[in-house]
Amino acid sequence: MNVDKAKKRIAKQVKKGFKGYPTINLEYFGQSTDKATEVAVQFLLEEGAEVQEERFSSKTDARVDEVIQSALVKIIERANANSVMEIETVSIL
């Protein structure tokens with residue numbers, strides 16, 4: 001999937017806001033705020049449930065990595081997530 005198409009699909013889900021559970025939370029990490037080398041995907045089935053987390057890393061910016069962005073779309077679809085939340089800034093590792 002094209003990286004721009006994947007990013008638009010994720011942004012569309014994020015724009016909906018909180019619509020209940022299950023939820024997916026996306027957070028980007030890097031050595032600086034300019035380049036995200038890692039993304040954490042957190043899945044929460046219901047309130048009070050244990051958070052499941054998976055991380056993906058990239059040598060380039062994960063926010064524009066076609067493979068990572070396509071994988072995020074697939075995870076969101078397969079989890080049947082009602083809510084997708086994204087932290088827009090890059091957190092420093």
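Residues numbered from 1 in each chain as written. Predicted model: local features only at pLDDT ≥ 70, side-chain atom pairs only at ≥ 80, totals over all residues. Heavy atoms only, no water.

Enquirer: Sorry if this is basic, but what is going on with the packing of aromatic side chains here?
Expert: With the rule as written, the count across this model stands at one aromatic pair. Judged by centre distance (5.4 Å) and plane angle (80°), the ring pair of phenylalanine 18 and tyrosine 21 falls under edge-to-face. Take tyrosine 21: its relative accessible area is 30%, and that puts it in the partly exposed class. (Phe/Tyr/Trp six-rings, centres within 6.5 Å; stacked < 30°, edge-to-face > 60°. Buried < 20%, exposed > 50% of the residue type's maximum accessible area, 1.4 Å probe, protein only.)

Enquirer: Got a minute to help me understand the environment of arginine 55 in this structure?
Expert: Here arginine 55 shows up in strand E3 (residues 52-57). Classification of arginine 55 by relative accessible area gives partly exposed; the value is 40%. Non-local contacts of arginine 55, meaning those with residues more than four positions away in its chain, are made with Phe29, Glu38, Val39 and Ala40. Among the polar contacts listed, one links the side chain of arginine 55 to the side chain of glutamate 38, at a separation of 2.5 Å. At 2.9 Å, the side chain of arginine 55 and the side chain of glutamate 53 are in polar contact. (Helix = DSSP H or I, 4+ residues; strand = E, 2+ residues; numbered from the N terminus. Contact = heavy atoms within 4.5 Å. Polar contact = N/O pair within 3.5 Å; in protein donor to acceptor, adjacent residues only side chain to side chain.)

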